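# Topology and contacts: notes
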Amino acid sequence: NIPVKLSLEYVDDNMRWVMTLAQLTEIDKALREIAGKTAKKTEFLTFEEYQNVLIEKSNNDLASFLLSHPLVSSCHEGIYQRYNATLNHQFLFTSNYMSHFVKIQAGIDDTFRWNVSGETCEPWTDVEAILFITDMAAYVTPLVEAQQNYEKNIRRAKTKEELDKIVINYSAVPTVNK
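The structure reproduced in this document is the subject of the present report. Remember, it's a predicted structure, so these values are computed and weren't measured experimentally. Just so you know, the residues in each chain are numbered from 1, in the order the chain's sequence is written. With the structure being a predicted model, the display of local features is reserved for residues of pLDDT at least 70 and the display and counting of side-chain atom pairs for 80 or more, all residues being used for whole-chain, interface and lining totals. Where side-chain values are given, they derive from all heavy atoms of the structure, hydrogens and water being excluded.

### Regarding the packing of helix α2 (residues 47-68) against helix α4 (residues 126-156)
The contact between α2 and α4 brings their axes to 9 Å, and the two run at 165 degrees. With respect to α4, the axis of α2 lies roughly antiparallel. Taken as a pair, α2 and α4 cross one another with a handedness that is right-handed. The residues of α4 that touch α2, namely those facing Gln 51, Leu 54, Ile 55, Ser 58, Asn 59, Leu 62, Phe 65 and Leu 66, are Tyr 139, Val 140, Leu 143, Val 144, Gln 147, Tyr 150, Glu 151, Ile 154 and Arg 155. Angles shown run from 0 to 180 degrees and are taken between the N-to-C directions of axes, each axis being a line fitted to C-alpha atoms and, for helices, limited to the stretch in contact. Labels follow the DSSP assignment, with helices taken as runs of H or I lasting at least four residues and strands as runs of E lasting at least two, numbered in each case from the N terminus. What sets the label is the angle itself: under 35 degrees gives roughly parallel, over 145 gives roughly antiparallel, 65 to 115 gives roughly perpendicular, and the rest give oblique. Handedness of each helix crossing follows the sense of rotation of the near helix against the far helix: counterclockwise by less than a right angle gives left-handed, clockwise gives right-handed. Should any heavy atoms of two residues lie within 4.5 Å, those residues are counted as being in contact.

This is the structure:
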């Protein structure tokens, strides 16, 4: 038997992105898990329960959107590449960079390392890390603000009919993603 490595190639604006079947399966599994958490019959919920379900959906949909729409940035080596933008990856980057920064401030030699989606970590300069932080903030901030607005509109609604009219759609949010 010869092992076969299946992959999907996506080309957009002269960028090539290849994902293995295992990576696609992982994303599909995560998206299905997120969708399952909010798939409740709304007619059996109280108004307050329905509001809470919609708020949870707005958060889960944002997580799903970030999982399936990586940040595109040229922060590292000037090459446009895709970077995971999930809350978990944002936290990992922040804590790794903070650790690096503290070591440098303490006079301990250290090299910060980060990675393109699906690749292993490589050394980054502090300038590249700061560019990444700036790009990530510019990409994620409008999406988080949209989630906050969805939640505000959900909390302001007075009836289930008003709640039914709220459309949560992160693809409609203008972002700076290349």
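### Considering the packing of helix α3 (residues 87-105) against α4
The contact between α3 and α4 brings their axes to 12 Å, and the two run at 150 degrees. For the element pair α3 / α4, the angle class is roughly antiparallel. Judged by the twist between their axes, the crossing of α3 over α4 is left-handed. From α3, Gln 90, Phe 93, Tyr 97 and His 100 reach across to α4, where they touch Asp 126, Ala 129, Ile 130, Phe 132, Ile 133, Met 136 and Val 140. Each residue gets one label: Ala, Val, Leu, Ile, Met, Phe, Trp, Tyr, Cys and Pro are nonpolar, Asp, Glu, Lys and Arg are charged, and the others, such as Gly, are polar. Looking at the contact of α3 with α4 residue by residue, the classes come out as 8 nonpolar, 2 polar and 1 charged.

### A short note on the packing of aromatic side chains
Pairing of aromatic rings covers Phe, Tyr and the six-membered ring of Trp, with a centre-to-centre limit of 6.5 Å; geometry is then stacked below 30 degrees between planes, edge-to-face above 60, and tilted otherwise. Evaluation of the coordinates by the stated rule reveals 12 aromatic pairs. Ring geometry for Phe 112 and Trp 124: centres 6.4 Å apart, planes at 80 degrees, overall edge-to-face. Of this pair, Phe 112 sits in strand β5 (residues 112-114) while Trp 124 sits in strand β6 (residues 122-124), and the two are 12 residues apart along the sequence. In this scheme, a residue with accessible area under 20% of its type's maximum is buried, one over 50% is exposed, and one in between is partly exposed, where area comes from a 1.4 Å probe on protein chains only. For Trp 124, a relative accessible area of 5% translates into the label buried. Consider the rings of Tyr 150 and Tyr 170, whose centres lie 5.3 Å apart with planes at 80 degrees: the pair is edge-to-face. Within this pair, whereas Tyr 150 is found in helix α4, its partner Tyr 170 is found in the segment after α5 (160-164), the two being separated by 20 residues in sequence. Accessibility assignment for this pair places Tyr 150 and Tyr 170 in one class, buried. Taken together, Tyr 83, Phe 93, Tyr 97, Phe 112, Trp 114, Trp 124 and Phe 132 form an aromatic cluster joined through their ring pairs.

### Notes on α4
Multiplying 1.5 Å by the helix residue count minus one yields the expected span of that helix. In this model, α4 (31 residues) spans 43 Å end to end at C-alpha, consistent with the 45 Å of a helix rising 1.5 Å per residue. The bend at a residue is defined as the angle formed between two axes, one fitted to the seven residues ending at that residue and one fitted to the seven starting there. The largest bend in α4 amounts to roughly 30 degrees and is located at Val 140, with the proline Pro 142 lying one to four residues further along. Within α4, the full set of buried residues consists of Glu 128, Ala 129, Phe 132, Met 136, Tyr 139, Val 140, Leu 143, Ala 146, Gln 147, Tyr 150 and Ile 154.

### A word on unusual backbone geometry
Note: most peptide bonds trans; most residues except glycine with negative phi. Although it is not a glycine, Glu 77 adopts a positive phi angle of roughly 65 degrees. Turning to its location among the elements, Glu 77 is positioned in the loop between β3 (71-73) and β4 (81-83).

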